[in-house]
Amino acid sequence: ELAYLNGEIMPLDQARVPVEDRGYQFGDAAYEFVAAVNGRLFAVEAHLDRLERTLLALAFPPLDRNRIREAIFTLHQRAGIARAGIYIQISRGVAPRSHAFPEKTVPQVLMTVRPVPPTPPEHLTRGIAAITLADQRWGRCDIKTVQLLANVMSKQRALDSGAYDAIFIGPDGTVREGTSSNLFIRSGQRLHTHPLTTEILPGITRAVLLDICRREGIEVLERRFDRQEMLAADEVVLTGTVTEVLPVTRIDGHVIGVGRPGPMAARLRAWLEALAA
Ligand code: PDD
């Protein structure tokens, strides 16, 4: 397990960040999480694109994309872990605590590489249980910042209630996404997922799956739907870099579809696996 800190690679437990890092004090930092599956990094350019968009939205200086890409590949290669997760965090820098942007700071670039635990087999054979919760996140859920308190609190509430994850519901009743995943429902032959707005993260996995579905002739509607429509769906799945494709078979105690992972979850999962093979 290794870390990268501003150009240097070191054992993870030796990496240190100053206490006045703005990421630490203000959540003033962007992040990405890239997975390596079967020893290969997945969709790196798409993650770099999204990181650039986050940095732009936060008014950070532009990224040296080549340097970040090189660091990701070097870290991954040196770690030699087949199923790895690379966490990348860029904070606005280190400065005496003050809300205003510091005048002269250099962004702190931090990365870690660790094994990603395998998906518990029963998650795929039985599906997971979820609860719905009011979305208490800020208004820019479309960028990936380390301000994840609402996500963290909601995930823990789900676990404490015996479920595996929480699904965020907007104030208008719209189903948005999971605490670290996007969400699709299947009703009949069609899939539905929330459109790309500031209310959800534009997931890389979501985009990859949309592409595959269009190629395979499966209709996916990017539209808003409510909790009632989700509960009445034939299948519900969560998608993400770590989540991959996870069937949800119980929500707020209601059984989804026939109560078992359905054919669409299996197909989406197989397509994603084929891409990463
Ligand atoms: N989370 N929505 C949210 C709120 C997320 O945090 C994530 C990813 C996704 C899925 O995006 P992608 O397919 O690009 O991984 C959707 C990462 C994995 C995390 O926080 O660790």
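All residue numbers refer to positions counted from 1 along the written sequence of the respective chain. Local features in a predicted model are, by the rule used here, given only for residues with pLDDT of at least 70; side-chain atom pairs are given and counted only at 80 or more, and totals for whole chains, interfaces and linings are based on all residues.

Engineer: Outline the overall build of the protein chain, supporting the account with residue identities and numerical values.
Structural biologist: A count of helical and extended segments in the protein chain gives eight helices and 15 strands. C-alpha atoms define the radius of gyration in this analysis, and the globule rule sets the expected value at 2.2 Å times the number of residues to the power 0.38. Over its C-alpha trace the protein chain gives a radius of gyration of 19 Å, about what one expects of a compact globule, namely 19 Å for 277 residues. Taken along the three principal axes of its C-alpha coordinates, the protein chain extends 55 × 40 × 35 Å. Buried, partly exposed and exposed are defined by the number of other C-beta atoms within 10 Å of a residue's own C-beta, namely 20 or more, between the two limits, and 12 or fewer respectively, with C-beta atoms placed from the backbone. Sorting the 277 residues of the protein chain into buried and exposed places 36% on the buried side. Our contact criterion uses C-beta atoms placed from the backbone: two residues qualify when those atoms are within 7 Å. Restricting the contact set of the protein chain to residue pairs at least 6 apart, pairs at least 24 apart contribute 67%. Strands here are runs of E lasting at least two residues and helices are runs of H or I lasting at least four, both read from the DSSP assignment and numbered beginning at the N terminus.

Engineer: Break down the nonpolar core for me, citing the residues and quoting the values.
Structural biologist: In this usage, the nonpolar core is the set of buried Ala, Val, Leu, Ile, Met, Phe, Trp, Tyr and Cys residues whose C-beta atoms join them within 7 Å. Judged by nonpolar contacts, the single largest core of 28 residues is most densely connected at A130, I167, V236, V237, V248 and I251. Within the residue set of this core, elements represented by two or more residues are strand 7 (128-134), strand 8 (165-169), strand 10 (182-187), helix 6 (204-216), strand 13 (235-240), strand 14 (244-251) and helix 8 (263-276). Broken down by element, the residue count for this core peaks at four residues, all from strand 14. Not counting the four nearest positions on each side in its chain, A130 is found in contact with A158, A163, Y164, D165, A166, I167, V248 and I251.

Engineer: Outline the domain arrangement of the protein chain, supporting the account with residue identities and numerical values.
Structural biologist: An automatic or database domain assignment supplies the residue ranges for each domain. Each assigned domain of the protein chain is listed with its residue range as follows: domain 1 (2-115) and domain 2 (121-276). Taking only C-alpha atoms into account, the centre of domain 1 sits 26 Å from that of domain 2. Counting residues at the interface gives 22 residues for domain 1 and 13 residues for domain 2. Of all elements in the fold, only strand 3 (29-37), helix 2 (44-57) and strand 5 (84-91) reach the threshold of two or more residues within the side of domain 1 that touches domain 2. The leading source of residues in the side of domain 1 that touches domain 2 is strand 3, at seven residues. Residue polarity is assigned by list, with Asp, Glu, Lys and Arg as charged and Ala, Val, Leu, Ile, Met, Phe, Trp, Tyr, Cys and Pro as nonpolar; anything else, Gly included, falls into the polar class. Taken together, the residues that form the side of domain 1 that touches domain 2 break down as 11 nonpolar, seven polar and four charged.

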